[in-house]
Each structure stands twice: as C-alpha cells, then as structure tokens.
Amino acid sequence: MELWLVRHGETLWNREGRLLGWTDLPLTPLGEAQARALKGNLPPLPTYSSDLKRALQTALLAGLQPVPTQALREIHFGVLEGALWEELEPQYKEALLRFQGFHPPGGEALEAFQERVLGFLESLKTPAVLFTHGGVIRAALRALGEDGLIPLGGAVALDWPRRVLDRLA
C-alpha cells in the first residue's frame, strides 16, 4: 500500500538544534516556504497529520486538508524537551543515534513510541499522505530495514509494509 510520509517544515527549535517533541511550535518563514514547495508534488490521497501545529501547517500550506491524529506525533522527550543536541548527555545522544533503548525522564520510551506509530500505519486500509515528524518517519523506515532522516519539508514514498519507493527532498 502506497504511503507518503512528509516531514514538517522548519521551526525555530529545529534551527537551534533543540529536541522538539510535543512542544507545539509553528513553522518559521523558511518552514512555510518548505511547505509551500510541496504543493502539487504529492498525490491526491486521503491525508492525515500529526495534531501539532508544525505538521498541520505544513499540510495546509502544501494544499491538503488533513485529518489530525495524535498517533502521528513525534516522540515525547519529557524533561529533555527543548534541550540542545550539543549539550545532551552522551547516553541520550547514543540511544537516539542508535534509535534503540531511549527513554527520556518523564517522556515516552522509544519502544512505546514505535508501537504507537507502527500501530497507526498498520491500521490504514487505503493509500494516504501523512504529515508528521522526523522520528515517526525514521520509525517507519527502520521497520522496512532502512534508516535515516528525511530533511525538513521532505517526503518519502513507501510501499507499506514492503519497501521504500522514492524520496522527495
């Protein structure tokens, strides 16, 4: 089944290198431009979005009308929310880079996050476009045996649950 996963455009915290999970920030002017650049490049499929501003705003500026869902939110970073990547304790950096064993204090364990995301993807019955976050897309790619981050305002097309089809960056 064809799924298009779109990463939201830039926010201030993305630019500053801060962990951004459930904090509800809007797009920067660059993020808005990244979102508008998607217009006409995505298929006319049913559309879902994380319920956070940055993903919803990206979908609307891309010309689509998404159904908001909390299941497509980024991981909840708990007390690490807003922390600068460069100042993050080594064990957290390592767990995030490996995308394994991460459990931020007061936040969401990586395993629970992956269950939430993959459960939503598996519940879809028709092809769709999903506006979401870097961690959500990484979880989907890892489930397909790949890894990596999609750039802000970028997209990846999947034949779910089989393979990656294409990348829009």
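The structure we're discussing is the one just above.
Calculation criteria
- Residues numbered from 1 in each chain as written.
- Predicted model: local features only at pLDDT ≥ 70, side-chain atom pairs only at ≥ 80, totals over all residues.
- Heavy atoms only, no water.
- Helix = DSSP H or I, 4+ residues; strand = E, 2+ residues; numbered from the N terminus.
- Rg over C-alpha atoms; globule rule 2.2 N^0.38 Å.
- Buried < 20%, exposed > 50% of the residue type's maximum accessible area, 1.4 Å probe, protein only.
- Contact = heavy atoms within 4.5 Å.
- Areas by Shrake-Rupley, 256 points an atom, 1.4 Å probe, with all protein chains shown as cover.
- Lys, Arg positive; Asp, Glu negative; His and termini not counted.
- Charge placed at Lys NZ, Arg CZ, Asp CG, Glu CD.
- Core = buried A, V, L, I, M, F, W, Y, C linked by side-chain atoms within 4.5 Å.
- Axes fitted to C-alpha atoms, helices over the stretch in contact; angles between N-to-C directions.
- Parallel < 35°, antiparallel > 145°, perpendicular 65-115°, else oblique.
- Left-handed = near helix turned anticlockwise from the far one by under 90°.
- Salt bridge = Lys/Arg side-chain N within 4 Å of Asp/Glu carboxyl O.
- Expected span 1.5 Å × (residues − 1).
- Phe/Tyr/Trp six-rings, centres within 6.5 Å; stacked < 30°, edge-to-face > 60°.
- Polar contact = N/O pair within 3.5 Å; in protein donor to acceptor, adjacent residues only side chain to side chain.

Participant: Mind laying out the overall build of the protein, listing which residues take part and the relevant values?
Facilitator: Secondary structure summary: the protein contains six helices and six strands in total. Start at the N end of the protein and walk to the C end: the helices and strands fall as β-α-α-β-α-β-α-α-β-α-β-β. On C-alpha atoms alone, the protein measures out to a radius of gyration of 15 Å, which is about the 15 Å that the 2.2 N^0.38 rule sets for 169 residues. Along the three orthogonal principal directions, the C-alpha set of the protein runs to about 45 × 35 × 25 Å. The buried share of the protein, reckoned over its 169 residues, is 51%. The long-range share in the protein, meaning contacts at least 24 apart out of those at least 6 apart in sequence, stands at 64%. Surface summary for the protein: the accessible area is close to 7,800 Å², and the carbon and sulfur share equals 54%. When the 17 basic and 20 acidic side-chain charges of the protein are each reduced to a single mean position, those positions are 4 Å apart.

Participant: Lay out the nonpolar core with the relevant residues and their values.
Facilitator: Among the nonpolar cores identified, the biggest contains 33 residues, and L5, F102, F113, L121, L130, V156 and L158 are the most heavily contacted of them. When contributions to this core are tallied by element, the ones reaching two or more residues are β1 (2-7), α4 (90-98), α5 (110-123), β4 (128-132), α6 (134-143) and β5 (155-159). If near-sequence neighbours (up to four positions away) are discounted, F102 is found in contact with I75, F77, L80, Y92, A95, L96, E108, A109, L110 and E111. In this structure, L38, A59, L64 and A157 belong to the second largest nonpolar core, which totals 11 residues.

Participant: Can you explain the packing of helix α2 (residues 29-36) against helix α3 (residues 53-61)? Please cite residues and give values.
Facilitator: In a packed pair of helices, the relevant descriptors are the angle between the two axes and the axis-to-axis distance. Packing of α2 against α3 brings their axes to within 7 Å, and their N-to-C directions diverge by 45°. One finds that α2 runs oblique with respect to α3. Crossing angle aside, the handedness with which α2 passes α3 is right-handed. Seen from α2, the contacting residues are E32, A35 and R36; seen from α3, they are Q57, T58 and L61.

Participant: Please set out the environment of G107 residue by residue, giving values where relevant.
Facilitator: Tracing the backbone shows G107 in the loop between α4 and α5. Non-local contacts of G107, meaning those with residues more than four positions away in its chain, are made with H76, F77 and G78.

Participant: Now, about the pattern of salt bridges: what can you tell me, with residues and values included?
Facilitator: In a structure, side chains of opposite charge can pair up when their charged atoms sit close to one another. Per the counting criterion, the structure on display carries seven salt bridges. Between R15 and E10 there is a salt bridge, with its nearest N and O atoms 3.3 Å apart. We note a salt bridge from D147 to R142, for which the minimum N-O separation is 3.1 Å. A single salt-bridge network, built from bridges that share partners, covers R138, R142 and D147.

Participant: Explain α5 residue by residue, including any values.
Facilitator: Residues separated by three or four positions in an α-helix point in the same direction, a consequence of the helix having 3.6 residues per turn. Between its terminal C-alpha atoms α5 stretches 20 Å, which fits the 20 Å expected from 14 residues at 1.5 Å a residue. Residues of α5 that are buried make contact with β1, β2 (47-50), β3 (67-69), β4 and α6.

Participant: I'd love a proper account of the packing of aromatic side chains, names of residues and values included.
Facilitator: A complete count under the given rule lists three aromatic pairs for this structure. Here Y92 and F102 contribute two aromatic rings whose centre-to-centre distance is 6.1 Å and whose plane-to-plane angle is 85°, an arrangement assigned as edge-to-face. With a gap of 10 residues between them, Y92 in helix α4 and F102 in the loop between α4 and α5 connect regions that are remote in the sequence. Like Y92, the residue F102 is buried in the burial classification. Chaining the aromatic ring pairs together yields one cluster made of F77, Y92 and F102.

Participant: Go over the side chain of E81, please, and point to the residues and values.
Facilitator: Position of E81 relative to the elements: it lies in the loop between β3 and α4. Put simply, E81 is tucked away with no salt bridge, and the nearest opposite charge, on R54, sits 5.9 Å away. At a separation of 2.7 Å, a polar atom in the side chain of E81 contacts the side chain of T23. Excluding residues within four positions of it along the chain, E81 makes contact with W13, L19, L20, G21, W22 and T23.

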